[in-house]
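Structural overview for review
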Amino acid sequence: MNCLAKDLHDLSSKSMGVIVRITALCFLFLLIIVLTTGCSKKGQEPVEKEKEEKAAIKIGMTFDSFILERWQRDRDVFVSKSKELGAEVNVQNANGDLKEQISQIEYFIEKKMDVIVVVAIDSKGISEAVTKAKKAGIKVIAYDRLILNAGVDLYISFDNEKVGALMADYMKDNLPPNGKILMICGPLADNNVSLVMDGFMNGIKGTKLAVIGTEYAAGWHPETAFTVTNQYLLVRSKFDGIMCGNDNLAGQAIKALAERRLAGEISVVGQDADLDACQRIVEGTQNMTVYKPVEKLASLAAEYAVAMAKGVKAETKDTFFDGAQDVPYEKLEPIAVTKDNMDEVIVGDYHLKEDVYLNIPKEEQDKN
Ligand code: BGC
């Protein structure tokens with residue numbers, strides 16, 4: 001090899017070494033970039049996603065139905081309060097169908113809700129599905145109506161016996177001493193029904209008032225009240241008052257009375273303070289209703305639900321025996337409403353004055 005050739009050979013092997021080193025460095029650099037950007041992103045994504053999913057508390061809420069005005073308020077207040085507290089609510093309507101309500105609870109279990117809130121169509125029939133939810137580690141709230149034998153984490157409602165007691169008070173104060181009463185109740189599948197009845201019966205105990213008939217409206221269907229009132233008016237004994245399980249039933253009972261010009265002659269009581277019931281009260285065809293501040297109920301239930309989702313146990317002053325065990329019971333107070341305290345209790349708070357007095361001429365309103 002001559003000198004030039006040797007020099008060239010040395011040069012090319014040197015530059016080859018440099019190229020190899022540069023390539024290796026580039027490769028290493030690329031590898032670092034891939035590891036620190038691409039890979040780490042892939043690795044972090046699920047963690048972040050998980051965090052995001054964890055962040056929003058998930059509440060599933062199933063209603064019996066939305067036929068009554070009150071349940072729409074319950075829903076609206078519960079949903080907005082929950083949102084305010086950082087939870088999202090999946091609302092389902094079972095339309096009075098127990099099987100549907102059971103499958104809604106199963107869906108909530110599948111979706112791993114943090115809390116399930118149930119307005120039970122059937123206080124016994126829903127127990128198994130609720131027990132399943134509890135076994136899956138989900139907290140359950142029995143909203144307004146108790147769920148039997150399921151050890152729910154919270155039962156939040158009004159004092160339902162007191163609802164019946166307030167109805168009894170009205171009858172005691174306003175019926176003749178040996179007055180006769182027809183009872184038209186909701187379905188016994190709704191645990192509130194027997195509580196209201198107990199409160200009523202205990203309330204008239206020791207008086208000469210007598211219940212001449214007890215009827216039940218399956219599924220709370222109001223037409224039953226119309227049919228039953230008609231039947232009693234036609235073929236059965238005379239009565240002085242009708243105790244109705246709610247205002248929707250009262251409305252139909254009063255319709256039957258009105259067809260015989262008896263509206264206002266026979267005392268009728270109900271519950272819920274529905275707008276049309278309040279109108280009937282100021283008009284004089286219904287005598288009283290029991291107002292239950294459902295906005296308070298819904299808002300408090302939402303607070304409990306969110307706290308429970310965060311692991312807080314419901315601590316309540318009262319407990320209620322569900323047939324198997326005592327469950328925490330948040331008990332709210334119902335209020336009797338007649339013509340006399342309509343303005344004080346309902347107007348402005350629950351209904352607008354112009355709505356309640358819609359059918360009362362202005363001159364007459366001013367007289368009062
Ligand atoms: C509630 C009432 C309601 C009824 C029918 C009961 O359980 O306590 O307020 O009118 O169900 O929905």
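Preceding this paragraph is the structure being described.
Remember, it's a predicted structure, so these values are computed and weren't measured experimentally.

Reading the values: rules and limits
Residues numbered from 1 in each chain as written. Predicted model: local features only at pLDDT ≥ 70, side-chain atom pairs only at ≥ 80, totals over all residues. Heavy atoms only, no water. Helix = DSSP H or I, 4+ residues; strand = E, 2+ residues; numbered from the N terminus. Buried < 20%, exposed > 50% of the residue type's maximum accessible area, 1.4 Å probe, protein only. Contact = heavy atoms within 4.5 Å. Near = heavy atom within 4 Å. Polar contact = N/O pair within 3.5 Å; in protein donor to acceptor, adjacent residues only side chain to side chain. Areas by Shrake-Rupley, 256 points an atom, 1.4 Å probe, with all protein chains shown as cover. 1 Å grid on protein atoms, 1.4 Å probe; cavity = no way out; pocket = protein on both sides within 12 Å on 5 of 7 lines; lining within 4 Å. Sits in = over half its atoms within 2 Å of the grid points. Nonpolar A, V, L, I, M, F, W, Y, C, P; charged D, E, K, R; others polar. Domains from an automatic or database assignment. Pairing = 2+ DSSP bridges. Axes fitted to C-alpha atoms, helices over the stretch in contact; angles between N-to-C directions. Phe/Tyr/Trp six-rings, centres within 6.5 Å; stacked < 30°, edge-to-face > 60°. Lys NZ or Arg CZ within 6 Å of the ring centre and 35° of its normal. Left-handed = near helix turned anticlockwise from the far one by under 90°.

1. Quick word on the side chain of Lys81
Checked against the element boundaries, Lys81 lands in helix α2 (residues 69-84). Given the relative accessible area of 17%, Lys81 is considered buried. Non-local contacts of Lys81, meaning those with residues more than four positions away in its chain, are made with Ser299, Ala302 and Glu303.

2. Notes on the site of the ligand
Residues in close proximity to the ligand include Leu68, Arg70, Trp71, Asp144, Arg145, Asp190, Asn192, Trp220, Asn246, Asp272 and Lys292, which together make up its full environment. Here an oxygen atom of the ligand and a side-chain polar atom of Asp190 are 2.5 Å apart. Note that an oxygen atom of the ligand is positioned 2.5 Å from one of the side-chain N or O atoms of Asp272. Against a free-state accessible area of 310 Å², the protein chains account for coverage of 97% of the ligand. More than half of the atoms belonging to the ligand lie within 2 Å of the grid points that define the largest pocket. Taken together, the residues of the shell around the ligand break down into 3 nonpolar, 2 polar and 6 charged. Here the shell around the ligand gathers at least three residues from each of two domains, domain 1 (56-152 + 294-332) and domain 2 (160-292 + 338-367).

3. Details of the sheet that holds strand β5 (residues 154-158)
The strands making up a sheet associate through backbone hydrogen bonding, with each pair oriented either parallel or antiparallel. With mixed pairing, the 7 strands of this open sheet are ordered in space as β2-β1-β3-β4-β5-β12-β11. Either end of the sheet is taken by a strand with one partner, and the two such strands are β2 (87-93) and β11 (318-321). Across the sheet, the axes of successive neighbouring strands diverge by a mean angle of 25 degrees, strand direction being ignored. When strand β1 (residues 57-63) meets strand β3 (residues 115-118), the two strands line up parallel, connected through 4 bridges. Considered in β3, the bridge of Ile59 is made with Val115.

4. Topic: the packing of aromatic side chains
The final tally for this structure, using the stated rule, is 7 aromatic pairs. Both rings, one in Tyr155 and one in Phe320, keep their centres 5.3 Å apart while their planes meet at 80 degrees; by these two values the pair is edge-to-face. Pair noted here: Tyr155 is in strand β5 and Phe320 is in strand β11, with a separation of 165 residues, a long-range link. Phe320 matches Tyr155 in its accessibility class, with the two residues each being buried. Measuring from ring centre to ring centre gives 4.7 Å for Tyr155 and Tyr329, while their planes differ by 10 degrees; the resulting arrangement is stacked. One end of the pair, Tyr155, is in strand β5; the other, Tyr329, is in strand β12 (residues 326-332), and 174 residues separate them in sequence. Put simply, the rings of Phe63, Phe66 and Trp71 pair up and form one aromatic cluster. The positively charged end of Arg75 is found above the aromatic ring belonging to Phe66, 4.7 Å away from the centroid.

5. With respect to the packing of α2 against helix α10 (residues 294-309)
Describing two packed helices takes the angle between their axes plus the distance from one axis to the other. Axis separation between α2 and α10 bottoms out at 8 Å; the angle between their running directions is 35 degrees. Along this stretch, α2 crosses α10, giving a crossing that reads as right-handed. Together, Arg70, Arg73, Asp74, Val77, Phe78, Lys81 and Ser82 of α2 and Val294, Glu295, Leu297, Ala298, Ser299, Ala301, Ala302, Glu303, Ala305 and Val306 of α10 make up the contact between the two elements. Taken together, the residues of the contact of α2 with α10 sort by class into 9 nonpolar, 2 polar and 6 charged.

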